[in-house]
Amino acid sequence: MTENFPLYLIILLPLLGAALNLLFGRRFGNTFVSVVACSAVAGAALVATKAVLLVASELPARGALVDQLVSGDWIVAGDFKLQAGLMLDRLSSVMVMVVTWIALLIHIYATGYMEHEPDFARFFGYLNLFTGAMLILVLGDSLPVTFVGWEGVGLASYLLIGFWYHEDKNATAGRKAFIVNRIGDFGFLLGICLLFTVVGTVKYADFGSIAGRLMTPWWMGWPVGYWIAILLFVGCCGKSAQIPLYVWLPDAMAGPTPVSALIHAATMVTAGVYVVARCHTIFDTFPEAAKMTVAGVGALTALFAATIGIVQRDFKKVLAYSTVSQLGFMFVGVGTGAYTAGVFHLMTHAFFKAGLFLGAGSVMHAMGGEGDIVKMGGLGKHMPITRWTFFVYCLAIAGIVPFAGFFSKDAILAGTFAAEFRMSTQMTGAQAHLVALYPKLLWGMLATAALCTAFYMWRLYFVVFTGKFRGTEEQEHHLHESPMSMTLPLVMLAVGSVLAGLIGVPAVMTHGLPESLEHVLTFFNHWLSPAMVPASPEPHEHWLEWALMGGALTISLCGIGLAAALYRGGISETAENLKDKLGFAHKLLWNKYYVDELYDFLLVRPLRRVAVILWKVVDNLVIDLGLTKIGPYIVDSLGALVQRFQNGDVQRYIIAVMVGAAGILFGSTYWLAYQGIQGEVKVERRTVTLKLGDARMRPGQLIYAIDWDGDGKFDDTNVRFNSELKHEYGNAGQFKIVVEARDPVWNMVKRSDDWFFGASTPLSAKVE
Amino acid sequence: MTFDTSDLVASLPLLFLTVAGIVLLLLDAFSRVVLVGREHHLKLPAETSEAVAVPPPGSRNYLMPVTLLFLLGALAIIVWQVGTLPETSVTIYRGMLVVDRFGLFVIGVCVAAAALGIVSAPAYMRAHKMEFGEFYALVVFALCGMIILVQAADLVSVFLGIETMSLGAYVLTGSWRRSARSSEAAMKYFLVGAFVSGLLVYGIALIYGVTETTSLIDIKRIAMSRGAAPLFYIGWMLLLVGFAFKLGVVPFHMWAPDTYDGAPTPVSGFMMSCIKAAGFAGLIRLLQGTLPMLARDPFTGWTFVLSWLAVLSMSLGNLAAIKQDNIKRMLAYSSISHAGYLMVGVVALGTVGDAARGPLLFYLASYALTVVASMGVVSWVGCDERGEERVRLSDWAGLGKREPMAALLMTIALLSLGGFPPTAGFFGKFYLFQAALGESKLLWLILVAIANSLVSVYYYLRVITAMYFREPAPNPATLPIQSTAMKVGVLVSTLLVLAMGMFPGWLSALCAAAKF
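**Some remarks on the overall build of chain A**
In terms of regular secondary structure, chain A is built from 26 helices and 16 strands. What you see for chain A is a C-alpha radius of gyration of 36 Å, clearly larger than the 27 Å of a compact globule of 768 residues, by over 25%. With the C-alpha coordinates aligned to their principal axes, the bounding extent of chain A is approximately 115 × 70 × 60 Å. Put simply, chain A shows about 32,800 Å² of open surface, and 65% of that area lies on carbon and sulfur atoms. Separation of charge centres in chain A, based on 55 positive and 57 negative side chains, amounts to 3 Å.

In structure tokens:
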């Protein structure tokens, strides 16, 4: 069930804003830029809200609003026909609401944060461009349209990470993000191509009926669905910063803080999670090895990044690793089949992580750009709004009831614990046991990651906002609360962080409440499943669910307690001692497990060496010397030859015309005779049949003379062309046959043994 | 077959433009009479001592908008006709013309390209101090010739169309009377053109002698029943020579660089886009519509001959273009090589059949628009203080800084000529080669074409490099022409080129629907 709606407005407005700001923004000043940028996003948000309300009220659960972008086919290439359209269903509704409204808050925040920026217009142009591209990504009705947005956000992200490109380090970070993403995008594109070749459709609307075709065995005994899922997931790993392609995200913090909040925390990096949920039919292909991969990579990333986050000193780096870790949580969610939980965490995370980044921005704004938390401390009394909103976000991300993170993280943990992967039915006992144990292992990793999360977030909070100020006096003098444009989004996101979780409360907690309240509290649980995605796995027993919840809460409280013990009121001596005692572990984490160095050693250096060889040998020698010197020489002399005929002499022009006309006549008659001597020989005992020319030739069009025995004398002359020419041999032997064709009209003569354009297969007969 | 008033409605675009041409001629003549009292003499630069009577600048400024209105009107009529056309083609004027979607599509392309081209004419003429009021009337009359050629159903109307079109083009080429190069170009074009017209009419006579008819349908019928006689054959070859000449196909191309280079730039653009489109359409109609028997018959060898003409045009055109330092002349050679690519399409028509016609039309349309855009920029870049065109590569150095918009639009146009996505030129080549690949025997020809487009990238990129990466000459005496109409024209054609490259679906559907 679909209905038309002008969805194009949602993407057009931000793109229009981008065009206006990039083309004219500089001329009209900062106020103009702010108004254009914010109202473009606000307009998109309003239209999107209107559309989402339509989806919620008017359409059935599986319904969607559609909008054809290009009438007819967008791209036609052979069998491949592609329409470009937009689609808004329940899944994209979640994304669109998150993207438009959070983008709006961050745009408003940025008007304050970037007020001293000389390149104000360029910044907002890019930010609008990003919003437009992100909306194309989530609204696209097929993988290729999504891919357009996918690349668009990649471009915007690159431009914004390197926004302050005067500093080499920022430009390098931008490049790194771009290149790492390219690796992922390549896999993504291959996945789309494979999907089209094998399944024949790339439209989401058709995905309901492709499950059977995805089962086709393809390579190494796995069904094609598995390979498509893996290829798409490679793309998701790049965009959503999962192992092994996560390395770009911490460096991406080189961009302005609102960018980190919008692109590298709340929206773009969650695109991978969205795609997995969107393509769940592909990921659900039996056996569910693809889902096991997704969940495994997610859990590993969650734990890995969370441990790194424990020791980092840069405010934004801690948050960056936290984002990587939280994205891992989401992937575990969608990987274990708890799609609703994964997408729910995506939504709640968008609120508190955007808030955390904006809080960080507010702090760094006050600190004059300083990002080292060791040099902060006691900021709480100078900037109360920032402090208390940050407090709320920290509670949310740590997963304290009833803040947003609690419900979404609990949903993922419970789903993971209860998940079952459907693998082959012919497994041995041990194998089956391992597969059954796998979700429990994932749960253990996530629980540990959750402990680390609570610890590093509260370490951050205590170190920054409590205790004494550790920076310079001049910095202390400048400390101030940020302007309204910045604190307002902080407050609104804090409200969101409190409330957003309350629409996805687990069913066990709402027993006995009034029905209308229960309906609101469990709203999200029914929004996506079972219409959009399969239902999440759930523990069968209520006590187990309560226990899991209680366990998760306890873990979080432990983490907070530990952080409070070590860092409350400043960095305690115990913390310093601990750091010295665990020197090796600290060094390992501080250097982020040396992954960047490892990549440098394994990939970057060898590639660079190959590049140097290519440069020295191929470029300098082959191309510069060979191609660019010798090639042009040949082309030049040929060109000079052509020019010599073009000497401006009209007589010569007319001669060329005559020569050309003669050439046409000659060429075409020559062609006739040439065709006439092409043929094949058929031997039937002593009778040899010669089939010459083409079936479409008319009798008498050519006159033949034939030498059947290769003695140089023509045995038959004046033979009118017929489709078959026969000859009876008197004795056995190998005979060479020579045919001479004459075009009676032009007297053009052609022999089959001519060295130039003779018979393409030599004519001869072997007679027994 | 009797004369029917409905014929008048069916040939409305032709009648409308004929009347438009006459009106324009009268307007021009009367504005001359009115202004005769105020006419004053402009002093010419020292080199040319004679003084020529030139009306005050701007006195005929209204001619261009009026022409534009006429052309848009014609376009509207064409669109209306396409909508009301029956499925089968309609023969009118006792079998002289035929009205069908194929013809209307090509006419539409020609009229649109002409409309986008003439908007740069007034500023160009003013800058080069050549007031030439008949310009617009001649363009419109040449368009009438094209319509006749494209809709011809009889050898007589083929000849009539070609001659009407060519006469307009001869005069337009020489319309810059003070420029020796313009006169030389017109002279050469006319001399060789007259000679080739002789061949053409001789070919028609021979065909008539053999078949005793000039109607293309009857010729087809007779040729199929009797088989091709030698004289018929010669006649047909002479006809081919005539077309190859108008299309600038090697070895009948030698007039083209001189003419396109010497003619006023808007005229060159008009000739490269419209005459090429109309000529190819006429050739396609001759070959495919009326001589399918010959098309499929390998022994008359026309696919063989045409494929060699294609190879020669592509290769020689590109090789010569590489050597050019003059951008206008480079584009002239580039147009010869494009005629070669189009010939590949014509060959594909012979071997693959109808499936190749849509791609061929797409290529024609995309090339026509791209040429109009690029020639518009050549006009835009302007002239030095003596009124000489600035078309040397060194004149264009640093254009990206001086005239960023012109440089950007030229870049897009050049990329389209070179066949880069996301421009129209990419899909033009892509569809054409793809259609030709329907016949594996043509693989060698496609490979030659692809190799050639690779070579061509060199000289297109050279202009882009000059515009963006070379420092402007220390003394840029270039005066860019500042004309809103011209800029809008170039912008619109470039945007169309981009639109066709990004959303090729609608145009290719239109091309596929353009049937005989």
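More follows now that the structure is in view.
**What to know about the overall build of chain B**
When its secondary structure is counted, chain B shows 22 helices and four strands. For chain B, with 516 residues in total, the buried portion stands at 63%. Sequence-distant contacts, at least 24 apart, represent 79% of the contacts inside chain B between residues at least 6 apart. With an accessible surface of roughly 18,000 Å², chain B has 70% of that area assigned to carbon and sulfur atoms.

**Considerations on the packing of helix α9 (residues 257-266) of chain A against helix α14 (residues 339-366) of chain A**
Residue and element names in this part refer to chain A. Taken N-terminus to C-terminus, the directions of α9 and α14 make an angle of 160 degrees; their axes are 9 Å apart at the nearest point. Compared by their axis directions, α9 and α14 come out roughly antiparallel. Like other packed secondary-structure pairs, α9 and α14 cross with a definite hand, here right-handed. Between α9 and α14, the contacting residues are Thr257, Pro258, Ser260, Ala261, His264, Ala265 and Ala266 on the first element and His349, Ala350, Lys353, Ala354, Phe357, Leu358, Gly361 and Met364 on the second. Looking at the contact of α9 with α14 residue by residue, the classes come out as nine nonpolar, five polar and one charged.

**What to know about the interface of chain A and chain B**
In this assembly, 40 residues from chain A lie in contact with 44 residues from chain B. The interface formed by chain A and chain B holds one residue pair in polar contact (both at pLDDT 80 or more) in total. Mapped onto the side of chain A that touches chain B, the elements with two or more residues apiece are β3 (75-77), α25 (595-645) and α26 (650-676) of chain A. Its residues assigned to classes, the side of chain A that touches chain B shows 23 nonpolar, 11 polar and six charged.

**A short note on helix α7 (residues 224-239) of chain A**
All names here are of chain A. In this model, α7 (16 residues) spans 23 Å end to end at C-alpha, consistent with the 22 Å of a helix rising 1.5 Å per residue. Of all 16 residues in α7, 14 are buried, a share of seventy percent or more. Positive backbone phi, approximately 55 degrees, marks Ala241, located one or two places after α7.

**Some words on the sheet that holds strand β5 (residues 85-88) of chain A**
All names here are of chain A. What the three strands build is an open sheet, ordered β1-β2-β5; its pairing is mixed. Edge positions in the open sheet fall to β1 (2-4) and β5, since each of these has one partner strand only. Here the average twist between neighbouring strands, direction ignored, is 30 degrees. The pairing of strand β2 (residues 64-68) with β5 spans four bridges and is classified as antiparallel. Each residue of the ladder has a partner; that of Val66, found in β5, is Met87.

**A closer look at the side chain of A:Thr348**
All names here are of chain A. Relative to the assigned elements, Thr348 resides in helix α14. In this structure the side chain of Thr348 is engaged in a polar contact, spanning 3.2 Å, whose partner is the backbone oxygen of His345. Side-chain polar atoms of Thr348 contact the side chain of Ser408, separated by 2.9 Å. Discounting residues that sit within four places of it in the chain, Thr348 has contacts with Ala404, Ser408, Ala500 and Gly501.

**Looking at the pairing of strand β14 (residues 738-743) of chain A**
On a regular strand, one side chain projects to one face of the sheet and the next to the other, so that they alternate. Residue and element names in this part refer to chain A. For strand β10 (residues 703-707) and β14, the ladder comprises five bridges, and the chain directions are antiparallel. Opposite Ile703, over in β14, you have Arg742 as the bridge partner. Hairpin connection, β14 to strand β15 (residues 748-751): the antiparallel pair is bridged by four residues, and Asn747 has positive phi, about 60 degrees.

**Focus: empty space enclosed by the protein**
Residue and element names in this part refer to chain B. Inspection of every chain in the model, using the stated rule, returns 11 cavities of 30 Å³ or more. Roughly 130 Å³ of internal volume is contained in the largest cavity. Top element by residues in the lining of the largest cavity is helix α12 (residues 265-290). It accounts for six residues. Taken together, the residues of the lining of the largest cavity break down into 11 nonpolar, seven polar and no charged.

**Remarks on a nonpolar patch on the surface**
All names here are of chain A. On the surface, Val610, Ile613, Leu614, Val617, Val618, Leu621, Val622 and Leu627 cluster together to form a nonpolar patch covering roughly 690 Å² of accessible area. Secondary-structure assignment places Leu621 in helix α25. The exposed category is assigned to Leu621, whose relative accessible area is 52%.

**Observations concerning the sheet that holds β10(A)**
Residue and element names in this part refer to chain A. Pairing within the open sheet is antiparallel, and its four strands lie in the order β11-β10-β14-β15. In this open sheet, the two edge strands, each paired with only one partner strand, are β11 (716-720) and β15. The sheet shows a mean angle of 20 degrees between the axes of neighbouring strands, direction not considered. Across three bridges, the pairing between β10 and β11 is antiparallel. Considered in β11, the bridge of Tyr704 is made with Val719. Here α26 sits on the sheet in contact with β10, β14 and β15, set at roughly 40 degrees to β15.

**Remarks on the environment of A:Pro6**
If you trace the backbone, A:Pro6 turns up in the loop between β1 and α1 (8-57). As a C-alpha pair, A:Pro6 and A:Leu69 span 63 residues in sequence and 9.5 Å in three-dimensional space.

**Points about the nonpolar core**
The biggest cluster of nonpolar side chains holds 217 residues, and the ones touching the most others in it are A:Met134, A:Leu195, A:Ile282, A:Phe283, A:Phe315, A:Leu379 and A:Trp458. Broken down by element, the residue count for this core peaks at 20 residues, all from helix α17 (residues 429-465) of chain A. Apart from residues lying up to four places away in sequence, A:Met134 is in contact with A:Met95, A:Val99, A:Val153, A:Thr267, A:Met268 and A:Ala271. Core analysis: the second largest hydrophobic core is formed by 191 residues, B:Phe232, B:Leu239, B:Leu287 and B:Met314 among them.

**Digging into the packing of helix α12 (residues 289-311) of chain A against helix α24 (residues 583-590) of chain A**
All names here are of chain A. Contact geometry for α12 and α24: axes closest at 8 Å, N-to-C directions at 110 degrees. Classified by the angle their axes make, α12 and α24 are roughly perpendicular. Here Thr307, Ile308 and Val311 of α12 come into contact with α24, specifically with His586, Leu589 and Trp590. Along the lines of polarity and charge, the residues of the contact of α12 with α24 split into four nonpolar, two polar and no charged.

**As for the environment of A:Gly676**
All names here are of chain A. Locating Gly676 in the fold gives a position in helix α26. Given the relative accessible area of 0%, Gly676 is considered buried. Note: C-alpha distance between Gly676 and Asp694 (18 residues apart in sequence) is 7.5 Å.

**As for the pairing of β10(A)**
Taken across its five residues, β10(A) has five buried, putting it largely inside the fold. Residues A:Ile703, A:Ala705 and A:Asp707 line one face of β10(A) and the alternating positions A:Tyr704 and A:Ile706 line the opposite face, and both faces are buried.

**A word on the layout of surface pockets**
All names here are of chain A. Looking at the second largest pocket, its volume works out to about 780 Å³. Along its surface, the second largest pocket is lined by 23 residues, and Lys176, Val180, Val247, Asp596 and Val604 are the ones closest to its centre. Counting only elements with at least two residues in the lining of the second largest pocket, the list comes to α5 (168-199), α8 (248-251) and α25. When its residues are assigned to classes, the lining of the second largest pocket shows 14 nonpolar, one polar and eight charged.

**Points about helix α8 (residues 180-211) of chain B**
Taking 1.5 Å as the rise per residue, α8(B) with 32 residues should run 46 Å; its terminal C-alpha atoms sit 46 Å apart, in good agreement. Positive backbone phi, approximately 60 degrees, marks B:Glu212, located one or two places after α8(B).

**What to know about the pattern of salt bridges**
All names here are of chain A. Considering all chains together, one arrives at 28 salt bridges over all chains under this definition. One salt bridge connects Asp119 with Arg26, and the closest N-O pair in it is separated by 2.5 Å. Of the two residues, Asp119 sits in the loop between α2 (90-113) and α3 (120-139) while Arg26 sits in helix α1, which places them 93 residues apart along the sequence. Between Lys291 and Asp284 there is a salt bridge whose closest N-O contact spans 2.9 Å. A single burial state applies to Lys291 and to Asp284, both of which are buried.

Conventions we followed
- Residues numbered from 1 in each chain as written.
- Chains lettered and ligands numbered in written order.
- Predicted model: local features only at pLDDT ≥ 70, side-chain atom pairs only at ≥ 80, totals over all residues.
- Heavy atoms only, no water.
- Helix = DSSP H or I, 4+ residues; strand = E, 2+ residues; numbered from the N terminus.
- Rg over C-alpha atoms; globule rule 2.2 N^0.38 Å.
- Areas by Shrake-Rupley, 256 points an atom, 1.4 Å probe, with all protein chains shown as cover.
- Lys, Arg positive; Asp, Glu negative; His and termini not counted.
- Charge placed at Lys NZ, Arg CZ, Asp CG, Glu CD.
- Buried < 20%, exposed > 50% of the residue type's maximum accessible area, 1.4 Å probe, protein only.
- Contact = heavy atoms within 4.5 Å.
- Axes fitted to C-alpha atoms, helices over the stretch in contact; angles between N-to-C directions.
- Parallel < 35°, antiparallel > 145°, perpendicular 65-115°, else oblique.
- Left-handed = near helix turned anticlockwise from the far one by under 90°.
- Nonpolar A, V, L, I, M, F, W, Y, C, P; charged D, E, K, R; others polar.
- Polar contact = N/O pair within 3.5 Å; in protein donor to acceptor, adjacent residues only side chain to side chain.
- Expected span 1.5 Å × (residues − 1).
- Pairing = 2+ DSSP bridges.
- 1 Å grid on protein atoms, 1.4 Å probe; cavity = no way out; pocket = protein on both sides within 12 Å on 5 of 7 lines; lining within 4 Å.
- Points joined across faces, edges and corners; volume = space filled by probe spheres on them.
- Patch = residues over 30% accessible without salt bridge, like charges linked within 9 Å, V, L, I, M, F, W, Y side chains within 5 Å.
- Salt bridge = Lys/Arg side-chain N within 4 Å of Asp/Glu carboxyl O.
- Core = buried A, V, L, I, M, F, W, Y, C linked by side-chain atoms within 4.5 Å.

Remember, this is a structural readout, not a statement about activity or role.
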